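Chain residues, written in single-letter form:
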Protein chains: 2
Amino acid sequence: MTKVQPRTPSGFGEYLPDQQIEFNRLVDIIRGTYEAYGFSPIDTPDMELSEVLLAKGGGETEKQIYRFEHGKNDLSLRFDLTIPLARYAAEHEHELVFPFRRYHIGKVHRAERAQAGRFREFYQCDIDILGSDSQIVDAEFPAIINEIFDQFNFGEFTIRLNNRMILNGFFEGLGLESSTDVLRIIDKMEKITDEEFVAELTNIGLNADQVNQVKNFTSIEGSNDEIIAQLQALQVDSEQFNDGVSKIKVLIEALRTMGVPESRFKVDLKIARGLDYYTGTVYETILNDHPGLGSVCSGGRFDDLVSHYSNTEMSGVGISIGISRLFYKLLEAGVIKPAQKSPADVVVMPIGEEQVQFSLSVAATLRKEGIATMFYSEPNKVKKKFQYADRMGFGYVILIGDKEMETGEVSVKNMETGESSSVAVANLAKAIQH
Amino acid sequence: MTKVQPRTPSGFGEYLPDQQIEFNRLVDIIRGTYEAYGFSPIDTPDMELSEVLLAKGGGETEKQIYRFEHGKNDLSLRFDLTIPLARYAAEHEHELVFPFRRYHIGKVHRAERAQAGRFREFYQCDIDILGSDSQIVDAEFPAIINEIFDQFNFGEFTIRLNNRMILNGFFEGLGLESSTDVLRIIDKMEKITDEEFVAELTNIGLNADQVNQVKNFTSIEGSNDEIIAQLQALQVDSEQFNDGVSKIKVLIEALRTMGVPESRFKVDLKIARGLDYYTGTVYETILNDHPGLGSVCSGGRFDDLVSHYSNTEMSGVGISIGISRLFYKLLEAGVIKPAQKSPADVVVMPIGEEQVQFSLSVAATLRKEGIATMFYSEPNKVKKKFQYADRMGFGYVILIGDKEMETGEVSVKNMETGESSSVAVANLAKAIQH
């Protein structure tokens, strides 16, 4: 028979089981935390009608869409989970309870130029709250990020916080008509020199005084309280600015109340997160030991999510964790270290045919006690059985021969320490759980 | 602004949050049980190169594939999880440990004619073991089905078992050269009359004696042991037949050892599961109260899974649960009854602005104790707050006003009984868990 070379399309990856187990463990942490805060799951189709998906106008993303005709339908694979959320919220507006808090963990597709660490298929893990103007809900997101990354255990991390109202209000106070250009320059200020920064601001028409004030503003540093005090001391003549400062104060107070360590969140006036999307709080998350990854969890507050589908005004706030890229990069860096190839930590192995039934019942007993247990029934020599157990990374091997069947005491080998002990079947679960 | 009507493509569905919570609960049961038996997760791309996906030749399914060109690639969305498994096993042959036990829960796409209960996108939940000839592993699948459907709690169910070797061996013993036509007729015998059955067998060339023997064979009934005794009494002159009978005996013995109730598995000689795919054990699962659904979990043993990709011979055995259709049908029938719209059972509500910080800390305390808790911060009247809690289906509402802050005792309302009690914050978790 002619063979076809088994391979995935370029830009599409997959993991070996030990890696997949680790990936799933991280996703479970995300999901568990989202649910602990009462976010409800949704799951939308992988594809949408192109007319619906591109209602907003595609712009740059449109080139990256997998779009095709099928029968009479013009279909596109979703490239994020935000547009499907807007469509879902508008379509089910009268069936949903607002504020609508949903999480969505799913695959999205983008036909990006393939390069290392860039995938054409990846998971997004989004949470959003739609239809609430309460500033308190803005504080739930950093609290959630804190819990998730604390469990991830990738070292310390910093959640950078800002509020677009502070930025926009400050520019308003400076007498600037549009803040878009200034924001664009601030957004990249960490990547350019001081001189370039000044030159660019001058280029777009700021006078020397305005340039100076922008420089002073973006160099405000210190503890969270110190930054807020400095902002207040600026005495900016803008209601928007003062609103923004009040809102970030509320945010910080709530984070302290919820027990988020002060070292993990930081007001950073340089964070803008894109040019026109966000309107209030914005978030970024940096792994302190891996700053090169950039932000691993970002988001913010936005107005008017569903305007392309409905007349209802619906504001929202949310974050997204780009788990696929984060996982890939930390796996590559050796920070994530896959170990087990099976979700079971225990394997039960009969020495021969005669011990099969007894061994099956031992495995069943362990599962009843809540211990995931694999049964290994290949008719191999004991040495090969242990080789298998070793390659799979099992923590415990329970080997059952004639003697074990007679006495009802089985041999449990701790694969880490290499120690074996004899344990009565009734006490097995306890012996394995310690 | 011109509005686009928010809608999903025809044949693509999605659920409201309360339904999604129930759907996810079922998937979690499936996943948890697969993992309890030591099956490892994999996750392959939604799309494959068409050349790879269609290596076997598409046949009927080819018409149902979402296939499109993108750049230089001819891509197709996967229509099942079996071909991706074959491709994965062949591609990673030298990195995997065999026998390779994997589970895979994921979406597949088929451009079927849209009709009620038929979806163009649905989940499959597959487990397979590749590279084991041990008949004992065949017994793990009914044991797993038993645990899953026991937890589903959709009433009693019957796992129908057969072995293709018994069927093929029996026809061999009858002197029939090809069994394909006979199998096709047996496969549909429950849908046709006795006369039609005889006529069809005669049509394909069976003589009266052969027809009689087939009739006798397919009418063998009784307990599992009785059926096996009757099969042995037939004294069929076929090694394959006798092998098949031995294998099904091993299967049954193992199921008993693993504690699967005898009422839930039944040897049924009429089960063939398609014409040429399976070569050994075959499985079907019927919900006793919903026979109209047909088989809700099927599978079997097959040879030579990866022959289109590799020279390695790799046999396998596995099952698949069609959870999307099962869920849809039982939701429609009112058997599945969604209740909560949030994964959290508890909501904490401050009466006014002054209680927000204290309330946040109460919610954080509950989450630390492992209780999923929503915080509700909309500045509404108490009546509206309770309306919200009621619509969301929360089990407990914790309302916090000035008095509660002073005394440190909060009001917990059990929404089912309507009873309220005053509980110290330190005892809240215990009070809610009972």
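None of the values given here were measured: they were computed from a predicted structure. (Residues numbered from 1 in each chain as written. Chains lettered and ligands numbered in written order. Predicted model: local features only at pLDDT ≥ 70, side-chain atom pairs only at ≥ 80, totals over all residues. Heavy atoms only, no water.)

Attention shifts here to the overall build of chain A. When you go through chain A residue by residue, the secondary structure sums to 15 helices and 16 strands. The principal-axis extents of the C-alpha atoms in chain A amount to approximately 90 × 60 × 45 Å. At a minimum sequence separation of 6, the contacts of chain A that also span at least 24 residues come to 67%. Summed over all atoms, the accessible surface of chain A reaches about 18,100 Å², with 45% contributed by carbon and sulfur. (Helix = DSSP H or I, 4+ residues; strand = E, 2+ residues; numbered from the N terminus. Contact = heavy atoms within 4.5 Å. Areas by Shrake-Rupley, 256 points an atom, 1.4 Å probe, with all protein chains shown as cover.)

Attention now moves to the interface of chain A and chain B. The partner chain B presents 101 residues to the 101 residues of chain A that form the contact. Here chain A meets chain B over a buried area of about 8,500 Å², counting both sides, of which 58% is carbon and sulfur. Along the contact surface separating chain A from chain B lie 10 salt bridges. With a shortest N-O distance of 3.2 Å, Asp46(B) and Lys107(A) are connected by a salt bridge. The interface formed by chain A and chain B holds 40 residue pairs in polar contact (both at pLDDT 80 or more) in total. Element by element, the count of residues in the side of chain A that touches chain B is highest for helix H1 (residues 17-36) of chain A, at 8 residues. Looking at the side of chain A that touches chain B residue by residue, the class counts come to 50 nonpolar, 26 polar and 25 charged. (Buried area = accessible area lost by both parts, 1.4 Å probe. Salt bridge = Lys/Arg side-chain N within 4 Å of Asp/Glu carboxyl O. Polar contact = N/O pair within 3.5 Å; in protein donor to acceptor, adjacent residues only side chain to side chain. Nonpolar A, V, L, I, M, F, W, Y, C, P; charged D, E, K, R; others polar.)

Once that is clear, we can look at the packing of helix H4 (residues 135-152) of chain A against helix H10 (residues 239-257) of chain A. Residue and element names in this part refer to chain A. Relative orientation of the contacting elements H4 and H10 amounts to 50°, with a least axis distance of 9 Å. The orientation of H4 with respect to H10, classified from their angle, is oblique. As for the relative orientation of H4 and H10, their crossing is right-handed in sense. Counted together, Gln135, Ile136, Asp138, Ala139, Pro142 and Ala143 of H4 and Lys247, Ile248, Val250, Leu251, Ala254 and Leu255 of H10 form the full contact between these two elements. In terms of residue class, the contact of H4 with H10 is made up of 9 nonpolar, 1 polar and 2 charged. (Axes fitted to C-alpha atoms, helices over the stretch in contact; angles between N-to-C directions. Parallel < 35°, antiparallel > 145°, perpendicular 65-115°, else oblique. Left-handed = near helix turned anticlockwise from the far one by under 90°.)

To continue, consider the pattern of salt bridges. On inspection of all chains with the given rule, the structure shows 56 salt bridges over all chains. Put simply, Asp268(A) and Arg160(A) hold a salt bridge, and the shortest N to O gap is 3.7 Å. Of the two residues, Asp268(A) sits in the loop between strand S8 (265-267) and strand S9 (281-287) while Arg160(A) sits in strand S7 (residues 157-163), which places them 108 residues apart along the sequence. What makes Asp268(A) buried here is its relative accessible area of 11%. We note a salt bridge from Glu156(B) to Arg264(B), for which the minimum N-O separation is 2.9 Å. (Buried < 20%, exposed > 50% of the residue type's maximum accessible area, 1.4 Å probe, protein only.)

As a further point, take the side chain of Thr44(A). In this fold, Thr44(A) is placed in the loop between strand S1 (40-41) and strand S2 (47-49). Owing to a relative accessible area of 0%, Thr44(A) belongs among the buried residues under this scheme. If near-sequence neighbours (up to four positions away) are discounted, Thr44(A) is found in contact with Arg78(A), Pro84(A), Arg87(A), Tyr88(A), His104(A), Glu14(B), Lys107(B) and Glu121(B).

Right, let's talk about empty space enclosed by the protein for a bit. Tallying each qualifying case throughout the model produces 3 cavities of 30 Å³ or more. In this model, the largest cavity occupies a volume close to 850 Å³. Lining the largest cavity are 34 residues; nearest its centre among them are Ile105(A), Tyr123(A), Val27(B), Ile105(B) and Tyr123(B). The set of elements that each furnish at least two residues to the lining of the largest cavity consists of H1 and strand S5 (100-109) of chain A together with helix H1 (17-36) and strand S5 (100-109) of chain B. Here the lining of the largest cavity is composed, by residue class, of 14 nonpolar, 8 polar and 12 charged. (1 Å grid on protein atoms, 1.4 Å probe; cavity = no way out; pocket = protein on both sides within 12 Å on 5 of 7 lines; lining within 4 Å. Points joined across faces, edges and corners; volume = space filled by probe spheres on them.)

Residue and element names in this part refer to chain A. Along helix H6 (residues 180-187), the residues classified as buried are Val182, Leu183, Ile185 and Ile186. Projected onto a plane normal to the axis of H6, the buried residues spread over an arc of 165° and lie on a single side. For H6, the elements touching its buried residues are helix H5 (164-173), helix H7 (194-203) and helix H8 (208-218). (Arc of directions from axis to C-beta.)

Turning to the nonpolar core, a few remarks are in order. Within the largest apolar cluster, 97 residues are counted, with the highest numbers of intra-cluster contacts made by Ile398(A), Tyr34(B), Phe149(B), Phe152(B), Ile323(B) and Leu326(B). Here Phe149(B) is in contact with Phe154(B), Phe157(B), Leu287(B), Val296(B), Cys297(B), Ile321(B) and Leu326(B), once residues within four sequence places are set aside. Formed by 96 residues, the second largest nonpolar core is a distinct cluster that contains Tyr103(A), Val260(A), Val348(B) and Phe375(B). (Core = buried A, V, L, I, M, F, W, Y, C linked by side-chain atoms within 4.5 Å.)

Residue and element names in this part refer to chain B. In the structure shown here, the tally under the stated rule is 47 aromatic pairs over all chains. With a centroid separation of 6.0 Å and an interplanar angle of 15°, the aromatic rings of tyrosine 88 and phenylalanine 100 are classed as stacked. Note that tyrosine 88 is positioned in helix H3 (residues 82-91) and phenylalanine 100 in strand S5, a separation of 12 residues in sequence. The burial state of tyrosine 88 is the same as that of phenylalanine 100; both residues are buried. Aromatic side chains phenylalanine 149 and phenylalanine 157 sit 5.7 Å apart centroid to centroid with 50° between the ring planes, which places their arrangement in the tilted category. (Phe/Tyr/Trp six-rings, centres within 6.5 Å; stacked < 30°, edge-to-face > 60°.)

Looking now at the packing of H6(A) against H7(A). All names here are of chain A. Between H6 and H7, the shortest axis-to-axis distance is 10 Å and the interhelical angle comes to 170°. By the criterion of interaxial angle, the relationship of H6 to H7 is roughly antiparallel. Counted together, Val182, Arg184, Ile185 and Ile186 of H6 and Phe197, Glu200 and Leu201 of H7 form the full contact between these two elements. Taken together, the residues of the contact of H6 with H7 break down into 5 nonpolar, no polar and 2 charged.

Turning next to helix H13 (residues 382-392) of chain B. Within H13(B), the full set of buried residues consists of Lys385(B), Tyr388(B), Ala389(B) and Met392(B). Burial along H13(B) is one-sided: seen end-on, the buried residues are contained in an arc of 95°. What points out from H13(B), more than 90 degrees from its buried face, is the exposed set Lys383(B) and Asp390(B). On the buried face of H13(B), the contacting elements are S5 of chain A together with strand S12 (346-350), strand S13 (373-375) and strand S14 (396-400) of chain B. With its phi angle positive at about 80°, Gly393(B) sits one or two positions after the end of H13(B).

Turning our eyes to something else, we now look at the environment of Ala111(B). If you trace the backbone, Ala111(B) turns up in the loop between S5 and strand S6 (121-130). The exposure class assigned to Ala111(B) is buried, which follows from its relative accessible area of 15%. For the pair Ala111(B) and Met405(B), spaced 294 residues apart in the sequence, the C-alpha separation amounts to 59 Å. Residues contacting Ala111(B), with those up to four places away along its chain left out, are His70(A), Gln64(B), Tyr66(B) and Arg120(B).

Right, let's talk about the confidence of the model for chain A for a bit. Of the residues in chain A, 98% reach a pLDDT of 70 or more, and the chain-wide mean stands at 94. For this predicted complex, the interface confidence comes out at an ipTM of 0.96, alongside a pTM of 0.96. (pLDDT = per-residue confidence, 0-100.)

With that settled, consider unusual backbone geometry. Cis geometry is found at the peptide bond from Phe98(A) to Pro99(A), where omega equals -5°. A positive phi angle is found at Asp304(A), which is not glycine, with a value near 60°. On the secondary structure map, Asp304(A) appears in the loop between strand S10 (297-302) and strand S11 (316-321). Here the phi dihedral of Gln235(B) falls at roughly 50°; this positive angle occurs in a residue that is not glycine. Residue placement: Gln235(B) occurs in the loop between helix H9 (224-233) and helix H10 (239-257). Residue class for Gln235(B) comes out exposed when judged on its relative accessible area of 69%.

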